[in-house]
Every structure is written in C-alpha cells, then in structure tokens.
Amino acid sequence: MIILFFMSEQNETFTQGRPQAQAATGAASDSHPLVELTHVEKHYGALHVLKDINLRVNKGEVLVVVGPSGSGKSTMCRTINRLETIDSGDIRIDGKTLPQEGKELAALRAEVGMVFQSFNLFANKTILENVTLAPMKVRHVDQKTAERQAMDLLSRVGVDTQANKMPSQLSGGQQQRVAIARALAMQPKVMLFDEPTSALDPEMVNEVLDVMVELAKEGMTMICVTHEMGFARKAADRIVFMADGRILEQSTPDEFFENPKTERAKDFLSKILTH
C-alpha cells in the first residue's frame, strides 16, 4: 500500500537510505518491478536522446536521476507516462505495458503522478478546485469526499490556508506544493518529479524539497530528476547517473558521491561539489 500522508513523528535524518524502502524493494523483487524500462530508444530527428535505457524501480524505492544538462534525464522521466513517445523498447507500470493511446493509456497515467518544472496549475480555478478536479472527473469521487481529501493533502503540504485563493496569489514554492498535492490526490502508485525546484527562487527550494523528503520517508515510490545533490544524498535509495543519453552508473548515494565509477561521473561531481 502506498502511504500518502505525512507522519510528523518521523523526523530522523537519513544518511544510509531508508530501511522501510529497502524492505519494500526486497519484497517487490520477488515479483515484478513497479516501473520497468527495457531497451528504450528515443530520437528527436537526428538527435539520439535515449540510448538503450534499461531501468527497474521497485515499490517503495526512491530513485534520483542526476547528470549534466542535455543528458536525457527529463526525456526519460517523461516517457514513463508517455508524455514523450519512444521509438523502440518497452515501458511497464506495475507489470502492464504502457499503451500507445486511448482509454487504456489514460487509465495507466492515472497511476503515475507527475510534478513538472513549471507548476501547471489551472489559473482560473482556486487551489481547492485544482486539487479536486482530477479525482472528480477521472476517479468519479463525489465533491464532498474530494474536497475533504484535498484539504487533508493541502494541510500536509502546508498550504491548506490558501485553499480558496487563486494560483497567482501564491508564491512559487506554495504553487509547487499545491502541484504535489494535486498529483497525490489521484492516489498514484509512483510519483515522477522533473526538476521540481528549477523554476523556484533559492529561498523557496527547501520548502518543496522538505515535502519530497517526507514523501520518501513514508514509502512513496518516486523517480526524481534533480540537480539538488543534498536531496539526492538525503532521500535517495539509489542514484542513476546519466550522460549523453545513457545510464552510466547506478549506485547508493554513498557509493556515488564518495566513489564514482566512471570518469564522466567524476568530472560531473568535481564541477558541482566544489562550491
């Protein structure tokens, strides 16, 4: 069962990964991974952006994807719910092949929450309406139940007092936390984060990362593309390093930051960890 709600008593600092996630990973390994990419290829015209991508993410695992700009990180993330099509290969969510289009794709997308660089909130709807819209339209949840669940989620990301405001009345950090609550309202099996803090002012970054850390503590399956190395160290069970469209390394945070295996990863870390 995916736990969606924040438990305030869990305030410990993680340095070696999360025991509950490791247990979930072990249990899932006996069956099928929650997310699986096999020999995935993607071109933009002559540009080969994803090259033979093979990746397995188990239930309860927090996977952080890092690498230089243009390495294919965001493209890979967006293929997982087919916001980007692939040229060849296979993508499975909870054992089911991701459909090309139609109702089956819409149903499977409902199992995958996504938070983007930009907040993508509906500007003409209140914060509460932004969070209740998809559960009511897609899951056919009645309005009273949807609003109760939405207020619970907004409270857990710390913006319940803003429920009746419009997105333009909120700060960037608040809007991104609403976007997380909106994704969680669909009760997804996995959450995708595509550079969720890159559009934020520096002082707003931590308030979003704090929400993501709490989700990680609770056992939410997460795939996070980010440049925030502190978050990667703190929350990740596994770090995937990409460069030039390929996955070059997969390891624990300690292994990756202390003993990167490839020269490309060593060069990347030397540039981002020197200041």
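Residues numbered from 1 in each chain as written. Predicted model: local features only at pLDDT ≥ 70, side-chain atom pairs only at ≥ 80, totals over all residues. Heavy atoms only, no water.

Visitor: Would you explain the nonpolar core in this entry?
Guide: Side chains of a nonpolar character, in soluble globular proteins, are inclined to be buried together. Counting 51 residues, the largest nonpolar core has Ile180 and Met222 as the members making the most contacts within it. In terms of residues, this core owes the most to one element, helix 7 (residues 202-218), which gives nine residues. Leu37, Ile86, Ile91 and Leu192 belong to the second largest nonpolar core, which has 29 residues in total. (Core = buried A, V, L, I, M, F, W, Y, C linked by side-chain atoms within 4.5 Å. Buried < 20%, exposed > 50% of the residue type's maximum accessible area, 1.4 Å probe, protein only. Helix = DSSP H or I, 4+ residues; strand = E, 2+ residues; numbered from the N terminus.)

Visitor: Help me understand the side chain of Arg82 in this model?
Guide: Within the secondary structure, Arg82 is located in the loop between helix 2 (73-79) and strand 4 (88-93). Dropping the residues within four chain positions of it, Arg82 is found in contact with Leu98, Pro99, Gln100, Leu105 and Arg109. (Contact = heavy atoms within 4.5 Å.)

Visitor: What am I meant to see in the sheet that holds strand 1 (residues 35-44) here?
Guide: Each strand in a sheet pairs with another by means of backbone hydrogen bonds, the pair being arranged parallel or else antiparallel. Here four strands make up an open sheet; going across it, the order is 2-1-4-5 and the pairing antiparallel. With partners counted over all chains shown, the strands left at the sheet margins are strand 2 (47-57) and strand 5 (96-97), one partner each. Note that strand 1 and strand 2 share seven bridges and pair antiparallel. When the bridges of strand 2 are listed, Leu37 appears paired with Leu55. (Pairing = 2+ DSSP bridges.)

Visitor: Can you help me understand the pairing of strand 6 (residues 112-115) in this one?
Guide: Two faces belong to every sheet, and in a regular strand the side chains alternate between them. With burial as the criterion, each face of strand 6 is covered, one bearing Val112 and Met114 and the other bearing Gly113 and Val115. With four bridges joining them, strand 6 and strand 7 (residues 190-194) adopt parallel strand pairing. When the sheet's bridge partners are listed, Gly113 is paired in strand 7 with Met191.

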